[in-house]
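What follows is the residue order along each chain.
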Amino acid sequence: MERKLASVVTIDDLQPIKDADLIEVATVKGWKLVVKKNEFRVGDHAVYCEIDSFLPLKPEFEFLRKSSYRKMGEQEGFRLKTMKLRGQVSQGLLLPVQVLEGYDYVMGEDVAARLGIVKFEPPVPAALAGICKGSFPSFIPKTDEERIQNLSKEFSSYREQVFYVTEKLEGSSATFYFNQGVFGVCSRNLELLESADNTLWKIARALKLSEKLAATGNNIALQGELIGEGIQGNPYALSGQTVKFFNAFDIDTQEYLSMPAFREVMKVLDLEPVPLLDENFLLPDTIAALLLLAEGTSMLSPAGKAVEREGLVIRSADRTISFKVISNRFLLKENN
Ligand code: AMP
Ligand code: MN
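The residue count restarts for each chain, going from 1 along the sequence in the order it is written. As they are written, the chains are lettered A onward and the ligands numbered 1 onward, keeping that order. Per-residue local features are limited, in this predicted model, to residues with pLDDT of at least 70; the limit for side-chain atom pairs, both in listing and counting, is 80 or more; totals at the level of whole chains, interfaces and linings are taken over all residues. Heavy atoms from the whole structure form the basis of all side-chain values; hydrogens and water molecules are not counted.

### Quick word on the sheet that holds strand β6 (residues 53-55)
At least two DSSP bridges between two strands are required for those strands to pair. Secondary structure elements follow DSSP: runs of H or I of four or more residues count as helices, runs of E of two or more count as strands, with numbering from the N terminus. Taken in spatial order, the 4 strands line up as β7-β8-β6-β12 in an open sheet, and their pairing is antiparallel. Strands with a single pairing partner mark the edges of an open sheet, and in this sheet they are β7 (69-72) and β12 (118-119). Across 2 bridges, β6 lies against β12 in antiparallel orientation. Considered in β12, the bridge of Phe54 is made with Val118.

This is how it looks when you write it as structure tokens:
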């Protein structure tokens, strides 16, 4: 599932902001964002750009320069982040459909490529990046989670289920697999060549992942979050690096293991899963209430220091439902 960074939407709601004459707050799916007053009406079609969009340098986006100019490697552009304006959390950007210059869109269509919008990715340190062996294996899904704000239609039906809640860790995705006698290590998007100093390969050796996966007797992949020194500013103040796992994938059946089966694999292989916060969780009435529950202190906070957690990943036991709820308090403090 590729994330839709910019898509055509209908504006669901517009409300005034207390003590603000020039701006109002728009609702699009489960997102809230501040817009100029009277620029849009409820029911209008518009292009909604999610946070983490990196917009190209074009005259029509110059109004973003003051708040959002950034470089991504050599590339210049405007990065959309969570902001707070007059006490109102604002996430993303609405553009009038006219930016599509008459293009015959379909509602919901992803128009990021058409507008030159890509995802903002902070640079990866060399020891982490490693040397590419090839593209990500086609027999394993890449890790990703949909945001709850994009599931506003499904939310009420989800409220009939119980969920597993884990802490979302702020690191970098890692995949380790054993398939037909071959062990492999992958970063978020690439398979990595084995080397003495690549961080993910070092961890694979330290945790004996090749031996452990082979011993399961299955063709299997484990996916987890790489955290520690040199990764995303190491918020948990770890020394060295490690991986905390969140997925086990059966390569033969092409299915993720259920949550209980995954927890069992972690025990049997003596590996660390991401922190489990609840295994009998019921969703609150609204997405807004769930967003508040996502705010909190990380289970990985070092002694004597409360670290703001990134958020939650919420899954049904059979794993057919899975989404992330990022803490707005975390997003507002974030400074990369
Ligand atoms: P994002 O970091 O916003 O791209 O969100 C998706 C990513 O969160 C996944 O690809 C994982 O690398 C990462 N992640 C961190 N903690 C967890 C967790 N507890 N469960 C699932 N994914 C997680
Ligand atoms: Mn992440």
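Next comes the rest of the write-up.
### Some words on the nonpolar core
Core analysis: the biggest nonpolar cluster contains 26 residues, and Phe176, Phe183, Leu200, Leu213, Leu222, Val243 and Phe245 have the highest contact counts within it. The residues touching Val243, leaving out its near neighbours within four places in the chain, are Ala174, Phe176, Leu200, Ile203, Gly224, Glu225, Leu226 and Glu272. For our purposes a nonpolar core is just a set of buried Ala, Val, Leu, Ile, Met, Phe, Trp, Tyr and Cys residues, chained together by side-chain atoms within 4.5 Å. Note on exposure labels: buried denotes an accessible area under 20% of the residue type's maximum, exposed denotes more than 50%, and partly exposed covers the range between, all computed with a 1.4 Å probe on protein chains only. The contact criterion used throughout is that any non-hydrogen atoms of two residues lie within 4.5 Å.

### Overview of the site of ligand 1
One heavy atom suffices: a residue is near a molecule or strand as soon as one of its heavy atoms comes within 4 Å of it. The environment of ligand 1 is formed by 15 residues, the closest being Thr143, Glu167, Lys168, Glu225 and Lys324. For the purposes of these results, a polar contact is taken to be a pair of N or O atoms within 3.5 Å, where, inside protein, one atom must be able to donate a hydrogen and its partner to accept one; residues adjacent in sequence count only when each atom of the pair is a side-chain atom. Lys168 has a polar side-chain atom sitting 2.7 Å from an oxygen atom of ligand 1. Within the contact set of ligand 1, an oxygen atom lies 3.1 Å away from a side-chain nitrogen or oxygen of Arg188. To measure how exposed things are, a 1.4 Å probe is used in the Shrake-Rupley method; for residues, cover is taken only from the protein chains shown. Burial of ligand 1 by the protein amounts to 94% of the accessible area it has alone, namely 490 Å². Elements with a contribution of two residues or more to the shell around ligand 1: β15 (163-168) and β23 (311-316). When residues in the shell around ligand 1 are grouped by element, the largest group, 3 residues, is from β15. Each residue receives one of three labels: charged for Asp, Glu, Lys and Arg, nonpolar for Ala, Val, Leu, Ile, Met, Phe, Trp, Tyr, Cys and Pro, and polar for the others, Gly being one of them. Across the shell around ligand 1, the residue classes break down as 4 nonpolar, 3 polar and 8 charged.

### Observations concerning the domain arrangement of the protein
Accessible area lost during the coming together of the parts is what is often quoted as the interface size. Where each domain starts and ends follows an automatic or database-derived domain assignment. Domain assignment breaks the protein into domain 1 (6-119) and domain 2 (126-335). Each partner contributes residues to the interface: domain 1 has 13 residues there, and domain 2 has 10 residues. Here domain 1 and domain 2 share an interface that buries about 1000 Å² over both sides, 49% of which is from carbon and sulfur atoms. What gets called buried area is simply the loss in accessible area from a 1.4 Å probe that two parts show on being joined, summed for both. Looking at the side of domain 1 facing domain 2, the largest losses of area belong to Gly30, Trp31 and Thr82, adding up to 36% of the total buried there. Each salt bridge in this description consists of a side-chain nitrogen of Lys or Arg and a carboxyl oxygen of Asp or Glu lying within 4 Å of one another. In this structure, Arg147 and Asp52 form a salt bridge, with 3.4 Å as the shortest nitrogen-oxygen distance. The interface formed by domain 1 and domain 2 contains 7 residue pairs in polar contact (both at pLDDT 80 or more). Its residues assigned to classes, the side of domain 1 that touches domain 2 comprises 4 nonpolar, 3 polar and 6 charged.

### Side note on the pairing of strand β4 (residues 31-36)
Within a regular beta strand, the side chains point alternately toward one face of the sheet and then the other, so they alternate between its two faces. Summarising the sheet, strand β3 (residues 23-28) and β4 pair through 6 bridges and their orientation is antiparallel. Bridging across to β4, Glu24 finds its partner in Val35. Linking β3 to β4, which pair antiparallel, is a turn of 2 residues; within it Lys29 sits at a positive phi near 50°.

### Remarks on unusual backbone geometry
Phi angles above zero are rare outside glycine, and Asp19 is one such case at about 65°. By secondary structure assignment, the location of Asp19 is in the loop between β2 (13-16) and β3. At Asn38, a position not held by glycine, the phi torsion is positive, near 70°. On the basis of relative accessibility, which here comes to 70%, the residue Asn38 falls in the exposed class.

### Side note on the packing of aromatic side chains
Two rings from Phe, Tyr or Trp (for Trp, the six-membered ring) form a pair when their centres sit within 6.5 Å of each other. Planes less than 30 degrees apart are called stacked, planes more than 60 degrees apart edge-to-face, and all others tilted. One pass over the structure, following the stated rule, counts 9 aromatic pairs. For the pair Tyr158 and Phe323, a centre-to-centre distance of 5.8 Å together with 5° between the ring planes defines the contact as stacked. Placement of the pair is Tyr158 in helix α4 (residues 155-158) and Phe323 in strand β24 (residues 322-326), with a sequence separation of 165 residues. Just as Tyr158 is buried, Phe323 falls in that class too. Three or more aromatic residues link up through ring pairs in this structure, and these residues are Tyr158, Phe163 and Phe323. Over the ring of Tyr256 we find Arg319; its NZ or CZ atom is 3.7 Å from the centre of that ring. Only lysine NZ and arginine CZ atoms are considered, and such an atom sits over a ring when it is within 6 Å of the ring centre and within 35 degrees of the ring normal.

### Quick word on the sheet that holds strand β11 (residues 93-96)
Read from one edge of the open sheet, 3 strands run β1-β5-β11, paired in antiparallel fashion. Each edge of the open sheet is held by one strand with a lone partner, namely β1 (6-10) and β11. Neighbour to neighbour, the strand axes of the sheet diverge by 35° on average, direction disregarded. Every axis in this analysis is a line fitted to C-alpha atoms, fitted for helices over the stretch in contact. Angles between the N-to-C directions lie between 0 and 180 degrees.

### Topic: the pattern of salt bridges
Inspection of every chain in the model, using the stated rule, returns 15 salt bridges. Here Asp52 and Arg79 are joined by a salt bridge, their closest N and O atoms 3.3 Å apart. Of this pair, Asp52 sits in the loop between β5 (45-49) and β6 while Arg79 sits in strand β8 (residues 75-79), and the two are 27 residues apart along the sequence. An identical accessibility class is assigned to Asp52 and Arg79; each is buried. We note a salt bridge from Glu191 to Lys133, for which the minimum N-O separation is 3.9 Å. Residue Glu191 is located in strand β18 (residues 190-192), and its partner Lys133 is located in strand β13 (residues 132-135); the two are separated by 58 residues in the primary sequence. The partly exposed category is assigned to Lys133, whose relative accessible area is 48%. What you see here is one network of salt bridges that share partners, running through Glu295, Glu308, Arg329 and Lys333.

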